[in-house]
Amino acid sequence: MKKTLAILLAALMLIGMFSFASAEAKTYKVGVSIYQFTDNFMTLYRNEIENYFKTLETDDVKYEITMADGKNDMAEQTNQVRNFITQGMDVIILNLVQTSSADAVIDEIVAAGIPLVLINREPLGDNGDYSYAGILDNPQVCYVGADARQSGTFQGEMVAELDNHGDINGDGKVSYIMIEGDPENIDAQYRTEFSVKALTDAGIEVECLDDQVGNWDQTKGQELCANALTSYGDAVEVVFCNNDAMALGAATAITTAGRKVGEDIYLLGVDALEEAVQLVKDGEMTGTVLNDHIGQSHAAVDAAVKLLNGEEVENYYIIDYVKVNKAYVDAQ
């Protein structure tokens, strides 16, 4: 009798082990569309999305990531989103090509019943502020990003905090050039506006010598800065760039023109890319602003996982920027 019971128990254990081993893990399909793979910052961001999803996998839960390059083309990205819907993605993470074209593509995702996490580029509400109804009115949609007004303010403050407040030639005003990203992008708009506003709020008179669109591109940043330095020469005291890629290009133009950052010109960027931080450390860039791709990408993935699990999410997850100047770098 005991021998029979032992055999039965052993058999049951084997059956249980077999059933456990043969049970397949739940695999969630995640569609991610990035506005443009060649963007330095978004390359860091998308890589971290994939890396972080991997750390969250268990024996029971897996994530199948499909990453798509929007190629800075809204029609291309719209087709990618439609493919995601056809493929039955369980959640979509979307970095919009054009925030002005958000309504149609978001409506398609929502109509398909797929949870959506918007990242980095937020569509504006009708009143022009961070209150886009498509996010506020839908518990299956959220936005993860940073307030670009803060990044622009930090750029201007780093100039205002200099001993000469950016007025190198002592004529009582700060003469600057502005190299903007995408004029339709709210981050570009706010960084442009608030970098200058931080100076005027500090009681500093400003003069805009040139304001051009570099579309976040390093080569274009170099070209625009070189042209401005040729046109305005020593009158250029500050170069504001909406991102570090354009600032890296501007740094090359400044060196080629025989100018010296920290002595006869100042240069500001945003993103705190590794190359830019090194330039700050070496005194070849006045400052940049940490756009926390790790904090943002992790918050985006966490929100996506919550949506997959049927949990509630907040409408907005805003990650603070950080000033990165010589003092900050030396203290690290």
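Look up a bit, the structure's there.
What you see is a predicted model, and the numbers here were worked out from it, not measured in a lab.

Conventions we followed
Residues numbered from 1 in each chain as written. Predicted model: local features only at pLDDT ≥ 70, side-chain atom pairs only at ≥ 80, totals over all residues. Heavy atoms only, no water. Helix = DSSP H or I, 4+ residues; strand = E, 2+ residues; numbered from the N terminus. Buried < 20%, exposed > 50% of the residue type's maximum accessible area, 1.4 Å probe, protein only. Contact = heavy atoms within 4.5 Å. 1 Å grid on protein atoms, 1.4 Å probe; cavity = no way out; pocket = protein on both sides within 12 Å on 5 of 7 lines; lining within 4 Å. Points joined across faces, edges and corners; volume = space filled by probe spheres on them. Nonpolar A, V, L, I, M, F, W, Y, C, P; charged D, E, K, R; others polar. Pairing = 2+ DSSP bridges. Right-handed = clockwise from strand over helix to strand, strands pointing away.

Peer 1: Talk me through the environment of G269; I want residue IDs and the actual numbers.
Peer 2: Looking at where G269 falls in the secondary structure, it is placed in the loop between β9 (266–268) and α10 (274–281). Take G269: its relative accessible area is 0%, and that puts it in the buried class. Put simply, G269 and H293 are 24 residues apart on the chain and 15 Å apart in space, counted from C-alpha to C-alpha. The residues touching G269, leaving out its near neighbours within four places in the chain, are Q155, C241, N243, D244, A247, M285, G287, T288 and V289.

Peer 1: Could you give me a rundown of empty space enclosed by the protein, with the residues and numbers involved?
Peer 2: This structure, assessed with the given rule, holds one cavity of 30 Å³ or more. Considering only enclosed or pocket space, the largest cavity measures out at about 120 Å³ in volume. As for the largest cavity, its lining consists of 13 residues, and the residues nearest its centre are D39, F41, N120, R191 and W216. Secondary-structure elements contributing two or more residues to the lining of the largest cavity are α2 (40–55) and α7 (186–201). Partitioned by chemical class, the residues of the lining of the largest cavity number four nonpolar, four polar and five charged.

Peer 1: I'd like a rundown of the pairing of strand β6 (residues 174–180), residues and numbers included.
Peer 2: Burial of β6 is extensive: seven of the seven residues sit out of reach of the surface. With burial as the criterion, each face of β6 is covered, one bearing V174, Y176, M178 and E180 and the other bearing S175, I177 and I179. Direction of pairing for β6 relative to strand β7 (residues 206–213): parallel, over a ladder of seven bridges. The residue of β7 that forms the bridge with M178 is D211. Running through α7, the crossover from β6 to the neighbouring parallel element β7 is right-handed.

Interpretation note: all reported values are geometric properties and have no functional meaning in isolation.
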